[in-house]
Protein chains: 4
Amino acid sequence: MSAPKKVVLAYSGGLDTSIILKWLQTEYGCEVVTFTADLGQGEELEPARKKAELLGIKPENIHIEDVREEFVRDFVFPMFRANAVYEGLYLLGTSIARPLISKRLVEIAAECGADAVAHGATGKGNDQVRFELSAYALNPDIKVIAPWREWDLSSRTKLLAFAEENQIPIAKDKRGEAPFSVDANLLHTSSEGKVLEDPAVEAPDYVYQRTVHPEDAPETPEFVEITYAKGDPVALNGKDLTPAEMLTALNELGGKHGVGRLDLVEGRFVGMKSRGIYETPGGTIMLEAHRGIESITLDRGAAHLKDEIMPKYAELIYNGFWYSPEREMLQALIDESQKFVNGTVRVKLYKGAVTTVGRWSDDSLYSEEHVTFEDDQGAYDQKDAAGFIKINALRLRLLAMRNKRKS
Amino acid sequence: MSAPKKVVLAYSGGLDTSIILKWLQTEYGCEVVTFTADLGQGEELEPARKKAELLGIKPENIHIEDVREEFVRDFVFPMFRANAVYEGLYLLGTSIARPLISKRLVEIAAECGADAVAHGATGKGNDQVRFELSAYALNPDIKVIAPWREWDLSSRTKLLAFAEENQIPIAKDKRGEAPFSVDANLLHTSSEGKVLEDPAVEAPDYVYQRTVHPEDAPETPEFVEITYAKGDPVALNGKDLTPAEMLTALNELGGKHGVGRLDLVEGRFVGMKSRGIYETPGGTIMLEAHRGIESITLDRGAAHLKDEIMPKYAELIYNGFWYSPEREMLQALIDESQKFVNGTVRVKLYKGAVTTVGRWSDDSLYSEEHVTFEDDQGAYDQKDAAGFIKINALRLRLLAMRNKRKS
Amino acid sequence: MSAPKKVVLAYSGGLDTSIILKWLQTEYGCEVVTFTADLGQGEELEPARKKAELLGIKPENIHIEDVREEFVRDFVFPMFRANAVYEGLYLLGTSIARPLISKRLVEIAAECGADAVAHGATGKGNDQVRFELSAYALNPDIKVIAPWREWDLSSRTKLLAFAEENQIPIAKDKRGEAPFSVDANLLHTSSEGKVLEDPAVEAPDYVYQRTVHPEDAPETPEFVEITYAKGDPVALNGKDLTPAEMLTALNELGGKHGVGRLDLVEGRFVGMKSRGIYETPGGTIMLEAHRGIESITLDRGAAHLKDEIMPKYAELIYNGFWYSPEREMLQALIDESQKFVNGTVRVKLYKGAVTTVGRWSDDSLYSEEHVTFEDDQGAYDQKDAAGFIKINALRLRLLAMRNKRKS
Amino acid sequence: MSAPKKVVLAYSGGLDTSIILKWLQTEYGCEVVTFTADLGQGEELEPARKKAELLGIKPENIHIEDVREEFVRDFVFPMFRANAVYEGLYLLGTSIARPLISKRLVEIAAECGADAVAHGATGKGNDQVRFELSAYALNPDIKVIAPWREWDLSSRTKLLAFAEENQIPIAKDKRGEAPFSVDANLLHTSSEGKVLEDPAVEAPDYVYQRTVHPEDAPETPEFVEITYAKGDPVALNGKDLTPAEMLTALNELGGKHGVGRLDLVEGRFVGMKSRGIYETPGGTIMLEAHRGIESITLDRGAAHLKDEIMPKYAELIYNGFWYSPEREMLQALIDESQKFVNGTVRVKLYKGAVTTVGRWSDDSLYSEEHVTFEDDQGAYDQKDAAGFIKINALRLRLLAMRNKRKS
């Protein structure tokens, strides 16, 4: 790879990406363009602009954007239509944000004539894969720079020394090492590393950042009604909300009731197992509610097919293949199924749990007429079941006849 | 089908199966053999013997058995190795008990020379299918009688009239209709019908029978440690337990903390949707804990394959195909994966929720050496990740080149 | 089911459906409307009109239609996009025609105010299921009459007696029983029953009807070029053809070279195994050619996903679930994959075999630059493969370390 | 990676691996141990011993083994139980041989105290992945050396110069470049590269090495009978054969009749597409015959499950994951299904095609009694089919009712 001339950097304004910024300038002598996105991580973005300017970035090279609506509408909601969970439990909160960041990096690179993009993910994790696969899928000729895989700043001491040498301001609380590492966006907060590295030991309380302890949650349950249209939540307690407003509101509700905590050991795409603490308050509510509305509006055949392909779909997102033909094919299948996933679900939030307690829809397939224990007026002929069973049993009986013959 | 001469009836001792018993005698003039199993449903069995005698069954034709250990060891545990859930949520508590009952019915029929078996499941539900497919799979020539599909006792009034005509004792509280219908065994209690038939309306409190309301559960969490060997739980807080003892103990713990309630609308095999209230306290703990121990002992490739085939496995059990070659093939796959699923999981029970907070194992695949944020002493070369990504990206880049060519 | 008043019958003009026509009139006293479709079965349709008139059907109640283009365009081609084969070998020639016939039966019923449809499939086969599931899926209130399951005309003698009693003309060659049963349409001819019932015995030559014996095929191979657009064949040797023209032309080519014969024992949806002789000359060429064009235009991830879902897709069509949400979801997935399946395939036809010998496309993903054994000018860095392998191996090495620890 | 001290090299005796041998000695100054396996590639092995001695390998460091029986019994046959084909067509002839070679390399390394293994596969292909994943899975600490990824002998000229400098004898016909590259073993011969690099151009005749041109095959078909036990072929025309004898005999038969040629563009694991010419005469016969015997002995549920998981199984083998938990899990599933796959298949070989014409078995599930068009004496009640269809249709009717409501 020839040296990059102009690099678009995913820049948070924090110490690490500031060091990367400076390192790119010094190592490659290249022009650096910064991209800072508001994905709902809960931090102000203007300080990032100040800091970029301080590090010598030209104003026209500083890009700061609020992408929360796009994030929820085009990434989070499509994923939740699938009821996607990775390894049975993880709601993919980090995984789903990476493709959007790469998309903007590549687009900004095209707009400003940059030949490379850079990110601050390490060489051990999944995020490097997600950033880079997305970038290459969107521009086959882009260069990708991952300083953590390249430089020799392998210890905290070296990093701080580099920062000091290069006049990068270091916040007082960054002098010592953080006891764990955090990623956050509108969908979730994840924490991992250091104090969390022994999976036998319970995560300490101070790790959790956007959910209260279930023990500290209100003593009284709260009930909320979520209305769906074509598989997406569109109204909360009867009030229409945009995608980002919806997720924000559900996060607040979930966080207040301690909903959405997860302590997980997962298998990374790069082959090792890692332990993460995830908080996904709104997402956890959405998963439950979406299953609730599907339970009355989605046909059994459709629902089971969705369940069968879901693990693969989740794995693709986890592994960074959002922009792949197979993810798009699965999305087409999923979206096809959601045409009638309309209606309202009532859920209860209490002490860390979210449970569906009611659901209704104009498009319901639930037929009290058919299922009733009472007289069904001929809607269903129980004698049909005898034939149904006999025919289903035929191949099993032929097998049993063989067993009999053999014994 | 020619008329049966001797029938083995799955007999609970309750009013409905007593009516069936009498109806078989009068309708077919056949000899009736009763089979009453203790599956952990929490009822005494001796009254069933008394009642059968009262209805004229010869003592040698009355079979009463405690099958709890067999039930948990040979049916529940193998199923939980798969993390089986139907439609994302249902732990298959009723489904998994039916094959065992059919197996004993068929075995007793062989022993006593009966040519038919009979059950009390209706023509609208899944249980008829499960009973009958199992029976046919075990004996291709067996006759199966399902009185609910045959007789004309289609209303409560007619049933009670038949009972009175035939001197079948009717408990006072059975005069009126039960507000819902119940099935129970060591794994779960299910309730459905009548007051539960409108899925929009929250299930009333009195439906729940083996779990306390989360709101009434203890204010203090309880932590328990479950030890696994080859995928099955074998010790609780360090004490070895048999399979049925284990499930009994976990039921008590779960029930006390309000764990394992589920309000579900599900797609029945016979084509309609129905709503059920399920309580699976011990099973819910086992699902969480099993996922927990697998998370450190099961390889990613193995785990993902298990996740992909799980919906099909669960569907087979739900639909009554326990005794089918494909269920046995999937079981072989699942069991093959569990050889190293050994170790201990620490879970927290609190107000309706069970969460894993720690897990450890001599067979752990988790390598702190590899995953650490600290210096890993060369266990993992971050530069390898660059090649890994480039090669994974190649096909995406070739696609992107095509897109570029086309535009 | 109340008696039908007006029935639309799938009518071939042959003896069997003529008997059904008369039986419907006499058994139910209902008005009969006939529907005779040209699906490319190779028989003239006007005799069916004559015969219907003779049996007293009013001219306005006789519907004769050429649906060949619709059949190929909307049923055959979408199915071939999936490379669908049932049980590894069967190209679903009969299965795919049934939904279209049912669709027209139901549509004609709506137009003419009929409350029922009827078909001539027996109670042992798959076709009854396919006809009826399609009909119910398109009109939930339609009545379906399957005389073969209802009447007592269970032997050839009784059928002929009924025909004679009712003045139904019997062609001389129908007096004796046909040595096997045939279904045909533009996609295939299937033969089964009677002389074919012992699967150990080779099918006699006279069973084959639209393909020459490979031994009698030309001594010289023939090469043809098939051009695809979005996964469908659109031109043959450079000449644009409509869907039905294409299949007709390929049938002729395949038939001449003995291509597309299959002697299969298959598992029917109704539980038994049956043996069929299938001739699918054009379809066999299309399967090979479609795989050929996909091999250069379809990404590996997309292709493998298609292969994984194909057996389920084929099973759905075989079982009669064309009009089901899950088939439509899978079709959405498949169609999404075919956007760039454009280009030309050159195949060789010789003595029963069709083989791809060349393929090219403007949308090819094949990159000689990358794959070449020669110097690739840096398109691919072989060192990347080392990292790719090391990271893929990591989980296997962690497993091996555990094995080592244990031994 | 520290420098290797003693390396076990997969050594063919050819020019390329001789150069590697010398390069290992000169580059690393390490002791080289050679392993030359007879996998049925059709070359004498003793010349390899001579050449190794000539290059200075100590006699005790030269390992030459006939592993043909192990290859077929433990690798080829298990794979054929699955009916494994990659991308619809490729019989995995190269893929399946690599794990065995790696296994022996690692075993010999353990025996002789070597710390590394080496192979002659390039950095662009799949074989490097297969060799190395297998090696790491069997010994997590082994070093793997892939000279083609490391050295700078990137052109033919440089290679020959290196050979001359190092006194490596060069056969006359190796001076010029081979027009394509070949791999062979008892299962197949594959050819790729150079003259085959344009997938639009038909492969020239001289590429094919173990099958005659179909045009040159005998004018008369040949019929053979293959007997299976538990899914493996054990007798040919009534004569018991060992695994390697069986494959050898079938190769001869297939080769004589031009059976088993394949011209394929496939998606490599390393991301590019490549074109290969494969000849798998015996394997092609085995695939057809195995499907034939399964068609009468394997239950539909078992067969369809096998078909669904097959693409994943084939992909795992293709990608080099033979020694992975998920391949072993799938194998357990497959093997579980083969217990009754016993019986005999009669196939016809003619001009490049192999077709099943008869099959019989004591374990057949085919029931003429059930399937017959004649009177079946009550084995099957056609009226059962009505109920079967009605119940299967119920969910489709509920969907249709919703559609009606909405329109």
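Sequence order as written defines residue numbering, which begins from 1 separately in each chain. Starting at A for chains and at 1 for ligands, labels are handed out in the order in which the entities are written. Local features in a predicted model are, by the rule used here, given only for residues with pLDDT of at least 70; side-chain atom pairs are given and counted only at 80 or more, and totals for whole chains, interfaces and linings are based on all residues. As a convention, hydrogens and water are excluded, and side-chain values are obtained from all of the structure's heavy atoms.

**Some details on the interface of chain D and chain C**
Where interface size is quoted, it is often the accessible area lost as the parts come together. Counting residues at the interface gives 98 residues for chain D, matched by 98 residues for chain C. Interface area, chain D with chain C, both sides summed: about 8,900 Å², of which 56% is carbon and sulfur. The salt bridge definition used is simple: a Lys or Arg side-chain nitrogen within 4 Å of an Asp or Glu carboxyl oxygen. Inspection of the chain D/chain C interface yields eight salt bridges. The salt bridge involving E326 of chain C is made with R395 of chain D; its shortest N-O contact spans 2.5 Å. Contacts were defined at the residue level, with two residues in contact if any of their heavy atoms lie within 4.5 Å. Using a 1.4 Å probe, buried area is obtained as the accessible area two parts lose upon being combined, added over both of them.

**Brief notes about the relation of the copies chain D and chain C**
Its rotation angle being 180 degrees, the transformation that places chain D on chain C also includes 0.0 Å of axial translation and leaves an RMSD of 0.0 Å. What the superposition gives is, in effect, a two-fold axis relating one chain to the other. The share of interface residues of chain D whose copies in chain C are also at the interface is 100%, consistent with both copies meeting through the same surface. Least squares is the method for superposing the copies, and the C-alpha atoms it fits come from residues with pLDDT of at least 70 in both.

**With respect to the UniProt feature "binding site: ATP" (unreviewed entry) in chain A**
All names here are of chain A. UniProt positions are given in the numbering used here, feature names are shortened, and annotations may be inferred rather than shown by experiment. The positions that UniProt labels "binding site: ATP" (unreviewed entry) are, in the present scheme, A10, Y11, S12, G13, G14, L15, D16, T17, S18, A37 and G120. Among the residues examined, D16 registers a relative accessible area of 31% and is labelled partly exposed. Apart from residues lying up to four places away in sequence, D16 is in contact with W148 and R156. Counting from the N terminus, the helices are DSSP H or I runs at least four residues long and the strands are E runs at least two residues long. Tracing the chain through its elements places A37 in strand β2 (residues 31–38). When near neighbours in sequence (up to four residues on either side) are disregarded, A37 contacts L45, E65 and V67. Buried residues are those whose accessible area, probed at 1.4 Å on protein chains only, stays under 20% of the maximum for their type, while exposed residues exceed 50% and partly exposed ones sit between those limits.

**As for the pairing of strand β12 (residues 273–279) of chain A**
All names here are of chain A. Counting buried positions along β12 gives seven out of seven residues, so the element sits mostly inside the fold. Of the two faces of β12, the one lined by K273, R275, I277 and E279 and the one lined by S274, G276 and Y278 are each fully buried. As paired elements, strand β7 (residues 189–192) and β12 share four bridges and run antiparallel to each other. Looking at the pairing, S191 lines up with I277 of β12. Whether two strands pair depends on DSSP finding at least two bridges between them.

**Quick word on the nonpolar core**
F71 of chain A, F71 of chain B, F71 of chain C together with F71 of chain D are the most contacted members of the largest nonpolar core, which has 409 residues in total. Apart from the residues lying within four places of it in its own chain, the contact partners of F71 of chain A are L39, V76, I96, A97, L100, N185, L186 and L187 of chain A. Think of a nonpolar core as a cluster: buried Ala, Val, Leu, Ile, Met, Phe, Trp, Tyr and Cys residues, connected wherever their side-chain atoms sit within 4.5 Å.

**A few points about the packing of aromatic side chains**
Here the aromatic set is Phe, Tyr and Trp, taking the six-membered ring for Trp, and pairing holds for ring centres within 6.5 Å; pairs whose planes are under 30 degrees apart are stacked, those over 60 apart are edge-to-face, and all others are tilted. Under the defined criterion, the tally for this structure stands at 42 aromatic pairs over all chains. Here the aromatic rings of W23 of chain D and Y28 of chain D are separated by 5.7 Å at their centres, their planes lie at 85 degrees, and the arrangement is edge-to-face. Between F269 of chain D and F321 of chain D, the ring centres sit 6.1 Å apart and the planes meet at 70 degrees, which makes this aromatic pair edge-to-face. Separated by 52 residues along the polypeptide, F269 of chain D in the loop between β11 (261–267) and β12 (273–279) and F321 of chain D in the loop between α10 (300–319) and α11 (325–337) bring together distant segments of the chain. By the burial criterion, F269 of chain D is buried, and F321 of chain D matches it. A network of ring pairs unites the aromatic residues F269 and F321 of chain A, F388 of chain B, F388 of chain C together with F269 and F321 of chain D as a single cluster. Here the guanidinium or amino end of R397 of chain A rests over the ring plane of Y136 of chain B, the centre of that ring lying 5.9 Å away. Remark: a charge is flagged as sitting over a ring if the NZ atom of Lys or the CZ atom of Arg is within 6 Å of the ring centre and within 35 degrees of the ring normal. Positioned above the aromatic ring of W322 of chain B, the side-chain terminus of R327 of chain B is 3.5 Å from the ring centre.

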